[in-house]
Amino acid sequence: MVNRSRLSASATSLFVGRRGVPSAGGSPASDAAVVTRKLNSLQALRAVAAVLVVMFHTQVTLIAKSGVVPFYGIFSDANRGVDLFFVLSGFIVTYTHAADWGKPARVWNYLFNRLSRIYPSVWIVTGLTVGLVGAGLGGAFTARELSPWSIVTTALLIPDPNAIIGVIWSLKAEIFFYFAFMLIIIRPAVGWIFLVLWQGAVLTLALFGAAQHHVSYAFAFYCQPRSLEFCVGMACALFYARTRKSQSIPPPVLWATLLVGIISFSIALTVMKHLMGLYGALILGASSGLIITSLVLLESAGQVCIPNWLIKLGDSSYCVYLVHYSVIAVVSRLPFAPAILNGWLAN
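A. A look at the overall build of the protein chain. Scanning the protein chain from N- to C-terminus turns up 16 helices and 0 strands. The buried share of the protein chain, taken over its 347 residues, is 49%. Just so you have it, the protein chain exposes about 16,200 Å², and 70% of that area is on carbon and sulfur atoms.

B. Representation of the packing of helix 4 (residues 81–97) against helix 11 (residues 228–246). The N-to-C vectors of helix 4 and helix 11 enclose an angle of 45°; their axes lie 7 Å apart at closest approach. One element, helix 4, and the other, helix 11, form an angle in the oblique class. For the crossing formed where helix 4 meets helix 11, the hand is right-handed. Taken together, the residues of helix 11 that come into contact with helix 4 (itself represented by Asp 83, Phe 86, Val 87, Ser 89, Gly 90, Phe 91, Thr 94 and Tyr 95) are Glu 229, Phe 230, Val 232, Gly 233, Met 234, Cys 236, Ala 237, Leu 238 and Tyr 240. Residue composition of the contact of helix 4 with helix 11, by class: 11 nonpolar, 4 polar and 2 charged.

C. Layout of unusual backbone geometry. Even without glycine at this site, Leu 157 takes up a positive phi of about 60°. For Leu 157, the location among the structural elements is in the loop between helix 7 (148–156) and helix 8 (169–186).

D. Representation of the pattern of salt bridges within the structure. The final tally for this structure, using the stated rule, is 3 salt bridges. Where Arg 106 meets Asp 100, a salt bridge forms, and the shortest distance between an N and an O atom there is 3.0 Å. Judged by relative accessible area, which is 30%, Arg 106 ranks as partly exposed. Because the salt bridges share partners, they merge into one network encompassing Arg 80, Asp 83 and Arg 226.

E. The arrangement of the confidence of the model for the protein chain in detail. Within the protein chain, residue pLDDT values average 79, and 75% of them lie at 70 or more. Within the protein chain, helix 8 carries the highest mean pLDDT (94), whereas helix 2 (residues 30–38) carries the lowest (42). Below pLDDT 50 for its whole length, residues 17–37 participates in 42 contacts with residues either more than four positions away or in separate chains.

F. Examining the packing of aromatic side chains more closely. Inspection of the entire model under this criterion finds 18 aromatic pairs. Relative to Trp 123, the ring of Tyr 119 lies with its centre 5.7 Å away and its plane at 35°, an arrangement referred to as tilted. Taken together, the residues span about one helical turn, with Tyr 119 and Trp 123 both in helix 6 (residues 119–134) at a distance of 4 residues. Take Tyr 119: its relative accessible area is 14%, and that puts it in the buried class. Measuring from ring centre to ring centre gives 6.1 Å for Phe 177 and Phe 181, while their planes differ by 65°; the resulting arrangement is edge-to-face. In this pair, Phe 177 and Phe 181 are both assigned in helix 8, 4 residues apart and thus about one turn of the helix distant. Residue classification places Phe 181 among the buried residues on the basis of a relative accessible area of 0%. One residue, Arg 114, lies across the ring of Tyr 178, its end atom 5.7 Å from the ring centre.

G. Local environment of helix 14 (residues 308–315). Among the residues of helix 14, Leu 310, Ile 311 and Gly 314 are the ones counted as buried. For helix 14, the arc enclosing every buried residue in end-on projection is 100°, short of the 170-degree limit, so these residues lie on one face. Exposed side chains of helix 14 directed beyond 90 degrees from the buried face belong to Asn 308, Trp 309 and Lys 312.

H. Representation of the side chain of Ser 288 within the structure. With respect to the helices and strands, the residue Ser 288 is situated in helix 13 (residues 277–300). Every residue in contact with Ser 288, bar those within four places of it in the chain, is listed here: Asp 83, Leu 84, Val 87 and Phe 265.

What counts as what
For every chain, the first residue of the written sequence is number 1, and numbering continues from 1 along that sequence. Only residues with pLDDT of at least 70 get local features here, since the model is predicted, and only at 80 or more are side-chain atom pairs given and counted; chain-wide, interface and lining totals rely on the full set of residues. Calculated side-chain values reflect all of the structure's heavy atoms, with hydrogen atoms and water omitted. The way it works is that DSSP assigns letters per residue, a run of H or I at least four long becomes a helix, a run of E at least two long becomes a strand, and they are numbered from the N terminus. Exposure categories follow from relative accessible area, calculated using a 1.4 Å probe and restricted to protein chains: below 20% of the type maximum is buried, above 50% is exposed, and the middle band is partly exposed. Here, Shrake-Rupley sampling with a 1.4 Å probe gives the accessible areas, and only protein chains in the shown set may cover a residue. Axis angles are defined between N-to-C directions and span 0 to 180 degrees, where every axis is a line fitted to C-alpha atoms and, for a helix, only to the segment in contact. Between 65 and 115 degrees an angle is taken as roughly perpendicular, under 35 as roughly parallel, over 145 as roughly antiparallel, and anywhere else as oblique. Note on convention: near helix rotated counterclockwise from far helix by under a right angle means a left-handed crossing. Clockwise means right-handed. Pairs of residues are marked as contacts when any of their non-hydrogen atoms sit within 4.5 Å. Classification used: nonpolar for Ala, Val, Leu, Ile, Met, Phe, Trp, Tyr, Cys and Pro, charged for Asp, Glu, Lys and Arg, polar for all others including Gly. Note on definitions: salt bridges are taken to be side-chain nitrogens of Lys or Arg within 4 Å of carboxyl oxygens of Asp or Glu. For every residue, the predictor assigns a confidence score, pLDDT, that lies between 0 and 100. Stacked, edge-to-face and tilted labels apply to pairs of Phe, Tyr and Trp rings (six-membered ring for Trp) whose centres lie within 6.5 Å, assigned for plane angles under 30 degrees, over 60, and everything in between, in that order. For a Lys NZ or an Arg CZ to count as sitting over a ring, it must be within 6 Å of the ring centre and within 35 degrees of the ring normal. Think of the arc as the fan of directions from the helix axis to the C-beta atoms.

As structure tokens, this is what we get:
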């Protein structure tokens, strides 16, 4: 049996150090503010992931409207920026809340911190989307295709193939990870067992595809291969917490690791196109882990300085991610859009 106080003390010693790490007792936005202040590279990577997803949906929309493949097709698989998002999420939640492990009294603060960052924006965007659909600007959706259940599942982030905002599927997966992490805070032994069982179920469904036909949609959704990437992020955060104090890894090694991560991630998006399933999650998850870990260690060693504009873009990445597809859909349906699009592609 795991000793709760010992595990909590160990986690606290890892994440509360000489440079300061997020405290569990801050305001709802305090964890994000501290992570931004101490690890600006995380915000930069959030920006990169958001831009990749935006460019993917922009390319898809341009192809649908014109039949021409823009940007030389380099963003055909840029939706895999979500893989980077998932690893980032695992890293940030662990970096911010590992000191809460085994401290059930902090669970409400944790839940408020996490859920208040997601749900209000989802509710606003859901309401706006319903209004746009009703006005005939809903893209693939029409007013007749709306149902009370699709609105409810969208607003509450419940797995549903008929959600009215397609891009929020990743938030549904993230919410499940939040609750899995919550169990570690309440009772570490139970939480870690659940985490192992969850990852085991992910691997089982991925390796034995036929099993997916015998489980519910929600079970298959929560056990998609990308779910492994949350734990990759957790492992990276724990490795960073142990390594940053000693700075035992020379900067040239970190730069080389960062380069390997960028190259492998880029190859997965270009040469190894349409890399799906377990292998895609493993390669992109591992590449993202190398990028994140090496970059935050380089930042902690004073080897990199992130530009303010990239930090600000990272700060707004959640809003960009949430609304970009609706904006693209609306703009592409405006009367003057085809003329501008044809002229732009002609050049």
